[in-house]
Amino acid sequence: MVTLVPHTHWDREWYDPFPVFLTRLVSMMDTLLDLGERGFPHFHLDGQTAMIDDYLAERPERAADVARLVLEGRLSAGPWVTQMDEFLVSGESHVRNLEMGMARAEALGGASKIGYLPDQFGHIGQMPQLLRRAGIERAVVWRGVPATVDRTVFRWESPDGSAVLTEYLAFGYSLGWDVPRLRTPEQLSAGLRDKLARIAPFLAGDRVVITVGSDHAGPDADLPDRLSKAAGLLGDLTVRIGSLDDHARAGPEPQDVPRWRGELRSAARAHLLPNVYSARAHQKRERGRLEALIERYAEPLAALVPGVSWPAERLDRAWTLLLWNGAHDSVCGCSHDQVARDVDARHAEVRSLGEMIVAEALTELGARASAPGVLRLNPSPFERDGVPALGWRVDPERVPSEEVSLTPSVGADGWIEVGHLAFGLFDEPDVGDLYTFCPASDDRAPDPPAEVRIGPGTVEARWDGLDVRIHLRRRAGDDVLRLGGAIENRRPDHRLRLHVRLPEPATGSAAGAPFELVDRPLRSEGSEHEAPSPTWPARHVVLAGGVALFHEGVFEYEVADRELRVTLLRCVGTISRDRLVTRPFAAGPAVPTPEAQMIGRTEFSLGVRAGAHRQSLFRDWERFAMPVLEVPTSGGGPMGTSGTLLEIAGDAELSTVRRRDGLVEVRLWNPRSDRAVEARVGSRPVPLGPAAIETVRLG
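What comes next is a walk through the structure.

## Side note on the overall build of the protein chain
Point 1. The number of helices and strands found in the protein chain is 13 helices and 32 strands.
Point 2. Taking 2.2 N^0.38 as the reference for a compact globule, 699 residues should give roughly 27 Å; the C-alpha atoms of the protein chain span a radius of gyration of 26 Å, in line with that estimate.
Point 3. When its C-alpha atoms are laid out on the principal axes, the protein chain stretches across 85 × 65 × 45 Å.
Point 4. Taken across its 699 residues, the protein chain has 61% of its residues classed as buried.

Here it is as structure tokens:
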């Protein structure tokens, strides 16, 4: 049984800005709906409801047509809002992407129950658990699948044991890109047999899916008629046009399929494009800061502070903007310069919305405090600086944090030493593109600064056309060294990294990812499609050789030669190049991106801790990246000078607190994959198995 799935892969924005793609989308959808009205059997809309809503914003009069075709199964809807990069957004962003996408699809007539993930640059280990928690038992993937998975179907497991039966598009989502060119019955039958012969070594059963389409493609209008005419040439081969859901329901699950547990970050059969995580680095930082603003400040305060009404409209708008920006060609930074400007504009609106909600809630909380002074708000579920967990405290006046005096020095090897830590700054040419780093030559060593100046708590480093200034801080009682600073860049095509010396050898790393602390080797799996990559993405934290590094968002790191190396800035001037030493194929169009050369000022903020342990990583990160907020209050309210808005205790990590359907909802996750942990929300015990994600609803 062969199921042909007509489809398109639709980027809201990429090598052209959104308005350009929107014009093409409207034209494509107009044609598609007219075909659907005439009986076209099915078209897959890339698993995204954003496509539908973008279209209906321009053609509201066609809403009933879309809903009818979705209800009849002629159009797929959801389950996502957008196809987001899985490593560059928070776990909560994934939850909302599914939640909002499925709700919209159901309102249209029914959500697809396939976790369709066709073009992400790798997949997070917790995706199977997220899908299962949303009621989805099957997935479809392409990139990232390792060589050990050698079948078109495998069982993909999260570290908690949740599993989804996964269709592997071994040859990508465009295997049937040329089907519209196969015009005669003979051409079509021969072309389909050729594709089946290509897939045959990977088959896990007698059912095959062939996706018919490619990027920004429209429907192959007369495919049903041509297929009917070719039927006599197909012999005993049954070929039909249908949906991915149809394919999944067509027969029993294949048995004895490969199993894979955890994230998918291999370039065994497709390039993974690993260096998008350092493209336009300022956007990665801002995305992380905004997710923290919405998830850990705005939503919890709006949900828990008495007298505050839930700002549904503003939060829905903020999440919509974050989901649009999370689309893989937007959040990855591998797009047209105008797209990058649009991402920045959406970020600015999210920040405005989030800060407004926080300010209003803190004003209300301050008005309810009994004494005047300075109210401090602790966003963490553990006590900080004398402020109760997820609570407040009013002091008569501002309590300044005590700073430790730091005097860096330059060692004999030129590295900068601060206490037990040593670090260096190194710059090197990058002849790659927005997807992939490429060195100028194999034997070219990175350049140390031409000049280093140190002062009380400061380091200045200079190269020709590049200046870096770092302010060093450490709070009393805190073991995290904070490195905040700015880069002034005046030249193109290079990569600047911070190297931190490791006191002990490291054979791998433990890095933050959505709802996970994942163990990784030194290099990913490569192939003729892409060289093995020593660089990885980390969300907030990475630990190697006893040293932890903290970041406000997602960053790119490498562990090598007893060093932890973190990319501060990568400067390149094109979306893609046709051929690189590290990637012998193009990954996109050669569209110039002069603004991705990052000329000008880029600020950064990092934390480094020696003697770090897995168990304390995320609490250390919260102290580093999530400040205790302060606002003046006049007092006179009924709530006292100190208290907790919601008691959350135990070893679980907090994702967010929000209101949903009139109830308070709390999401927790267990960062330990080797053992269960106990947590408590209010008076309710919350046991979490290894690597489990749990949602608690309070009346």
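## Examining the side chain of D620
Point 1. Residue placement: D620 occurs in helix α13 (residues 617-625).
Point 2. Residue D620 is classed as buried on the basis of its relative accessible area, which comes to 5%.
Point 3. In this view, D620 contacts F550 and R609; residues no more than four positions away in its chain are not counted.

## Regarding helix α7 (residues 223-230)
Point 1. Along α7, the residues that are buried comprise L223, R226, L227 and A230. The arc that holds every buried residue of α7, seen down its axis, measures 100 degrees, which confines them to one face. Facing away from the buried side of α7, by more than 90 degrees, are the exposed residues S228 and K229.
Point 2. Taken together, the buried residues of α7 touch β1 (2-6), α6 (185-199), β6 (208-212) and β7 (239-241).

## Focus on the packing of aromatic side chains
Point 1. In this structure the tally under the stated criterion is eleven aromatic pairs.
Point 2. Both rings, one in F515 and one in W669, keep their centres 6.2 Å apart while their planes meet at 75 degrees; by these two values the pair is edge-to-face. Residue F515 is located in the loop between β19 (509-513) and β20 (516-520), and its partner W669 is located in strand β29 (residues 663-669); the two are separated by 154 residues in the primary sequence. Each member of the pair, F515 as well as W669, carries the same accessibility label: buried.
Point 3. Ring centres 5.2 Å apart and planes at 80 degrees place the aromatic pair F618 and W669 in the edge-to-face group. Residue F618 is found in helix α13, and its partner W669 is found in strand β29; the two are separated by 51 residues along the sequence.
Point 4. Within the aromatic cluster, the residues linked to one another by ring pairs are W14, Y15 and F21.
Point 5. The ring of F437 has R495 lying over it, and the distance from NZ or CZ to the ring centre is 3.5 Å.
Point 6. Sitting above the plane of the W415 ring, R501 keeps its charged end 4.1 Å from the centroid.

## Points about unusual backbone geometry
Point 1. Between G78 and the following residue, P79, the backbone shows a cis peptide bond with an omega angle of 15 degrees.
Point 2. Looking at the secondary structure, you find P79 in the loop between α3 (63-71) and α4 (91-108).
Point 3. One non-glycine residue, L390, lies in the positive phi region at around 45 degrees.
Point 4. You can see L390 is positioned in the loop between β9 (373-377) and β10 (391-395).

## Quick look at the pairing of strand β15 (residues 458-463)
Point 1. Inspection of the sheet shows strand β14 (residues 451-455) paired to β15 by five bridges, in the antiparallel sense. If you follow I454 over to β15, its bridge partner there is V459.
Point 2. Counted between consecutive antiparallel strands, the loop separating β14 from β15 contains two residues, among which G457 sits at a positive phi close to 70 degrees.
Point 3. Where β15 meets strand β16 (residues 466-473), six bridges bridge the pair, whose relative direction is antiparallel. Residue W463 lies in a different strand from β16, and its bridge partner there is L466.

## Some points on the environment of W415
Point 1. Take W415: it is sitting in the loop between β11 (409-410) and β12 (416-418).
Point 2. The spacing of W415 and T695 is 280 residues in sequence and 47 Å in space, taken between C-alpha atoms.
Point 3. Contacts of W415, omitting those with residues within four sequence positions, involve S409, V410, A422, F423, G424, F426, H499, V500, R501 and E563.

## Focus: α13
Given 3.6 residues to a turn, an α-helix orients residues that are three or four positions apart in the same direction.
Point 1. Buried residues dominate α13, accounting for seven of its nine residues.
Point 2. By the burial criterion, the buried members of α13 are L617, F618, D620, W621, E622, F624 and A625.

## Quick look at the pattern of salt bridges
Point 1. In the structure shown here, the tally under the stated rule is 75 salt bridges.
Point 2. Between R351 and E286 there is a salt bridge whose closest N-O contact spans 2.9 Å. Taken together, the positions of R351 in helix α12 (residues 337-368) and E286 in helix α9 (residues 281-304) put the pair 65 residues apart, joining distant regions of the chain.
Point 3. Classification of E286 by relative accessible area gives buried; the value is 16%.
Point 4. For R482, the salt bridge goes to D478, with nearest N and O atoms at 3.6 Å. Accessibility classification places R482 together with D478 in one group, the buried group.

Here is what the cut-offs are and how they apply
- Residues numbered from 1 in each chain as written.
- Predicted model: local features only at pLDDT ≥ 70, side-chain atom pairs only at ≥ 80, totals over all residues.
- Heavy atoms only, no water.
- Helix = DSSP H or I, 4+ residues; strand = E, 2+ residues; numbered from the N terminus.
- Rg over C-alpha atoms; globule rule 2.2 N^0.38 Å.
- Buried < 20%, exposed > 50% of the residue type's maximum accessible area, 1.4 Å probe, protein only.
- Contact = heavy atoms within 4.5 Å.
- Arc of directions from axis to C-beta.
- Phe/Tyr/Trp six-rings, centres within 6.5 Å; stacked < 30°, edge-to-face > 60°.
- Lys NZ or Arg CZ within 6 Å of the ring centre and 35° of its normal.
- Pairing = 2+ DSSP bridges.
- Salt bridge = Lys/Arg side-chain N within 4 Å of Asp/Glu carboxyl O.

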